[in-house]
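# Understanding the architecture of this molecule
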Amino acid sequence: MSNDRPATPLLDQVQTPADLKRLSDAQLRQVADELRAETISAVSETGGHLGAGPGVVELTVAIHAVFDTPRDRLIWDVSHQCYPHKILTGRRDRIRTLRMKDGLSGFTKRTESPYDPFGAAHSSTSISAALGFKVAHDLGGAPDPALGDAIAVIGDGSMSAGMAFEAMNNAGHLGKRMFVILNDNEMSIAPPTGALSSYLSRLYAEQPLQDLKAAAKGALSLLPHPLQDAAHRAKDMLKHSVVGGTMFEELGFKYVGPIDGHDMEQLLGVLRTVHQRADGPVLIHVITKKGKGYRPAEMAADKGHATAKFDVLTGKQKKSPSNAPSYTKVFAEALIKAGEADDKIVAVTAAMPDGTGLNLFAERFPKRCFDVGIAEQHGVTFCGALAAGGLKPFCTMYSTFLQRGYDQVVHDVALQGLPVRFAIDRAGLVGADGATHAGSFDIAFMANLPGMVVMAAADEAELVHMVATAAAYDDGPSAFRFPRGEGVGVEMPERGIPLEIGKGRMIQQGARVAILSFGTRLSEVMKASEALTARGITPTVADARFAKPLDRDLILQLATDHEALITIEEGAVGGFGSHVAQMLANEGVFDTGLKFRSMVLPDSFIDHANPADMYAAAGLNAADIEAKVLAVLGLGQVGVKRA
Ligand SMILES: Cc1ncc(C[n+]2csc(CCOP(=O)(O)OP(=O)(O)O)c2C)c(N)n1
């Protein structure tokens, strides 16, 4: 590997998957090699999901060579492994814009290409989607392009989530021809946990990977065959040597495998056979290596799951140094301290030990930390019962993934008043992962729940106090949110001090206009305040700390003492500002003429870019706050002229 663009003579001739159909099997092997080199080279320039793509290059080429995409619907689960697919499906010219503003998405996206029939980024949806396409096909749905087969490619990590099993249960029952390719690399982001993972490992630990002949025969024999004898013979053979996968068979799938996902000949052989012969749901178990063919990724603990831009030769990442600690790290360290003081504190992550910082908690307290796999729903209910059992669980999830466990938050935790502590990381806009990962909705969906305490940290020191608050508060459920990225560099307290529930804090006393901030926009508010002070308007600034319960006294005071009140938060409409507006309306404050404005995320899904650009697009930066203050005071025009 070198830092120069790789030579890709054969790949250069492939504009769309139709071009693969003209190539020999040996040439397809070469296309796969070139595709791997091109993928690694592109990610070195853009950053992104590095390990998953190289693990599926052979699979990507083989599927596109055998099936007829985009007519056949190919659905990549999570779709962080879709970069090679994008290169083969007419997007190679833009592959070096991955995850950048106005560039290609890092995931499949319906609006981007007809080869992306179903968008994804949250896991374990692909089998449901494939089944939906298949049923639409059978019932005469007529989209453009017309419907053909449906193929889901799903990783072993994603296969562990409930949704995948719900879909297989349904698909096995309906018995329709469809294909699930289980891409088993024995990795999730971290090594996968749980009984399913052990089951899959056993499936191939106990028997060698199949050679081509046996695999193709295995596939054949699982399918209807005109010759009963041959079918019988094959069945016997399979029973005794070739077939594992009893669990999948019990669910109604024909099981083929395990096969070597880097052996092009074997892949092509098996896919051609099942393509020709399947008349019901088939699960093809493919063994691959995450990061395959790129040593730095293969050697990394996470197999190069996600990376910044890097040097291809050395694998060294090009990250800019930061001055402040990340919120995630601050959270983890505060939780460890709380855990040292209280042995009832336990922590739960859903397959994100590193991303949430719980790997550090697990190192310190291995018995008190649980990685439940990609299973947010289970994780939340599990925490509910841990709380009912007298422990103090911190249910630690990214805002976007907590969405999946929402009924469990409502039904299993809030309704029963159980003191689960929700630590909500990646709250607000997240940058390159884009709209699928934005933490936009948690304020709204948590603050509307009776009995839920909802906090947002304005900076990293506040986060330390909120961890302490959540640890101390045992009267019901609580949540605190904090964003992706680094803190603002404030002085850190030695230890967290529990906050008074439902009380905000004054930051600065000013006049005429009050700005009430919830969360980390506070630093932008302070920048805006400086600019406004230079214009002769010093706003009052307060940090609400709580969206629930609201600090009524503080808010009513701000409303009474000022001509205008502006709220600001990193969340969608329906959150903090809405609660404040509702309270003020009910108190009759608007009857006496308070000017009220609420700054929230726009009512649209914001595409990937860097976080600063995203907040600029959202209109939540200092300049927007300044403009809002001027406008509400009727000085908007003056402001624009002076600016
Ligand atoms: C609902 C949900 N929870 C968590 C994640 C974060 N996540 C992204 S990829 C991934 C691991 C997926 O593992 P696997 O399916 O085995 O694919 P691999 O990366 O190994 O190819 C996780 C946990 C997610 N995308 N969706």
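Everything numeric here is computed off the predicted structure, so don't read it as measured data. (Residues numbered from 1 in each chain as written. Predicted model: local features only at pLDDT ≥ 70, side-chain atom pairs only at ≥ 80, totals over all residues. Heavy atoms only, no water.)

## Details of the overall build of the protein chain
For the protein chain, the count of helices and strands is 26 helices and 17 strands. Its C-alpha atoms give the protein chain principal-axis dimensions of about 90 × 60 × 50 Å. The buried share among the 643 residues of the protein chain stands at 58%. Long-range contacts, defined here as pairs at least 24 residues apart, represent 78% of the contacts in the protein chain between residues at least 6 apart. Accessible surface, the protein chain: about 25,500 Å² in total, of which carbon and sulfur atoms supply 52%. A gap of 2 Å separates the mean positions of the 64 positive and 74 negative side-chain charges of the protein chain. (Helix = DSSP H or I, 4+ residues; strand = E, 2+ residues; numbered from the N terminus. Buried < 20%, exposed > 50% of the residue type's maximum accessible area, 1.4 Å probe, protein only. Contact = heavy atoms within 4.5 Å. Areas by Shrake-Rupley, 256 points an atom, 1.4 Å probe, with all protein chains shown as cover. Lys, Arg positive; Asp, Glu negative; His and termini not counted. Charge placed at Lys NZ, Arg CZ, Asp CG, Glu CD.)

## Regarding the sheet that holds strand β12 (residues 505-508)
To summarise the sheet geometry, strands pair through backbone hydrogen bonds and adopt either a parallel or an antiparallel arrangement. Strand order in this open sheet of 5 strands is β12-β14-β13-β16-β17, and the pairing throughout is mixed. Looking at which strands have only one partner, the edges of the open sheet turn out to be β12 and β17 (595-599). Strand-to-strand twist of the sheet, defined as the mean angle between neighbouring strand axes without regard to direction, takes the value 20 degrees. Relative to strand β14 (residues 540-543), β12 runs antiparallel, the two sharing 3 bridges. The residue bridging Gln508 from the neighbouring strand is Val541, located in β14. Strands in contact with helix α21 (residues 522-534) are β12, β13 (513-518), β14 and β16 (564-569); relative to β12, the strand with the most contacts, it is inclined by about 35 degrees. (Pairing = 2+ DSSP bridges. Axes fitted to C-alpha atoms, helices over the stretch in contact; angles between N-to-C directions.)

## A closer look at the site of the ligand
By nearness alone, 22 residues border the ligand, and His80, Ser158, Met187, Lys290 and Glu376 come closest of all. His80 places a polar side-chain atom, nitrogen or oxygen, 2.6 Å from an oxygen atom of the ligand. Within the contact set of the ligand, a nitrogen atom lies 2.8 Å away from a backbone nitrogen or oxygen of Ala121. Protein contact buries 98% of the 580 Å² of open area that the ligand shows by itself. Per-element tally for the shell around the ligand: the top contributor is helix α6 (residues 156-159), with 3 residues. The residue inventory of the shell around the ligand, partitioned by class, reads 9 nonpolar, 9 polar and 4 charged. (Near = heavy atom within 4 Å. Polar contact = N/O pair within 3.5 Å; in protein donor to acceptor, adjacent residues only side chain to side chain. Nonpolar A, V, L, I, M, F, W, Y, C, P; charged D, E, K, R; others polar.)

## Brief notes about the side chain of Asp412
Among the structural elements, Asp412 can be located in helix α18 (residues 406-414). Buried charge Asp412 goes without a salt bridge, the closest partner of opposite sign being Arg404 at 14 Å. (Salt bridge = Lys/Arg side-chain N within 4 Å of Asp/Glu carboxyl O.)

## Observations regarding the state of the cysteines
Summed over all chains, the structure comprises 0 disulfides. Looking at Cys369, it has no disulfide partner, and the nearest cysteine sulfur is the one in Cys383, 10 Å off. A relative accessible area of 14% means that Cys369 is categorised as buried. The thiol of Cys395 is not disulfide-bonded; the next cysteine sulfur, from Cys383, is found 4.0 Å away. (Disulfide = S-S within 2.5 Å.)

## A look at the sheet that holds strand β5 (residues 281-287)
Sheet architecture is open: 5 strands sit in the order β1-β2-β3-β5-β4, paired in parallel fashion. The open sheet terminates on both sides in strands that have one partner only, identified here as β1 (73-76) and β4 (254-260). Each adjacent strand pair in this sheet contributes to an overall mean axis angle of 15 degrees, direction not counted. Judged from the 7 bridges that link them, strand β3 (residues 178-184) and β5 form a sheet pairing that is parallel. Counted as the bridge partner of Val180 is Leu283 from β5.

## Some points on the packing of aromatic side chains
Under the counting rule described, the total for this entry stands at 15 aromatic pairs. Centroid distance Tyr294 to Phe310: 5.7 Å. Interplanar angle 40 degrees. Geometry classified as tilted. Highlighted residues: Tyr294 in the loop between β5 and α13 (295-299) and Phe310 in the loop between α13 and α14 (327-341), separated in sequence by 16 residues. The burial state of Tyr294 is the same as that of Phe310; both residues are buried. The interplanar angle of 20 degrees and the centroid separation of 6.1 Å between the aromatic rings of Phe480 and Phe482 together place this pair among those described as stacked. One exposure class covers both Phe480 and Phe482, and it is buried. Through pairs of rings, three or more aromatic residues link up here, namely Phe331, Phe394, Phe480 and Phe482. Lying over the aromatic face of Tyr615, Arg521 brings its terminal NZ or CZ to 3.8 Å of the ring centre. (Phe/Tyr/Trp six-rings, centres within 6.5 Å; stacked < 30°, edge-to-face > 60°. Lys NZ or Arg CZ within 6 Å of the ring centre and 35° of its normal.)

## Some details on a nonpolar patch on the surface
Side chains of Val488, Val490 and Met492 sit close together on the surface and give an oily, nonpolar patch of about 210 Å² of accessible area. Residue placement: Val488 occurs in the loop between β11 (478-481) and β12. (Patch = residues over 30% accessible without salt bridge, like charges linked within 9 Å, V, L, I, M, F, W, Y side chains within 5 Å.)

## A short note on the pattern of salt bridges
If the charged atoms of two oppositely charged side chains come close together, the side chains can form a pair. Tallied over the entire structure, the rule returns 39 salt bridges. With its nearest N and O atoms 3.9 Å apart, the salt bridge here joins Asp68 to Arg71. Residue classification places Asp68 among the partly exposed positions, given a relative accessible area of 37%. Measuring nitrogen to oxygen at the nearest pair gives 2.7 Å for the salt bridge that ties Lys392 to Asp342.

## As for the environment of Leu88
Topologically, Leu88 is positioned in helix α4 (residues 83-91). We classify Leu88 as buried; its relative accessible area is 0%. With 74 residues separating them in the primary sequence, Leu88 and Gly162 have C-alpha atoms 31 Å apart. Sequence-distant contacts of Leu88, defined by excluding residues within four places in its chain, comprise Leu11, Val14, Gln15, Thr16, Pro17, Leu20, Val31, Leu35, Thr60, Val61 and His64.

## Description of the packing of helix α3 (residues 57-66) against α4
Put simply, α3 and α4 touch, their axes get as near as 9 Å, and they point 35 degrees apart. You can see that α3 and α4 cross each other, and the crossing is right-handed. Packed against α3, whose contacting residues are Val57, Thr60, Val61 and His64, the element α4 presents Pro84, His85, Leu88 and Thr89 at the interface. Across the contact of α3 with α4, the residue classes tally to 4 nonpolar, 4 polar and no charged. (Left-handed = near helix turned anticlockwise from the far one by under 90°.)

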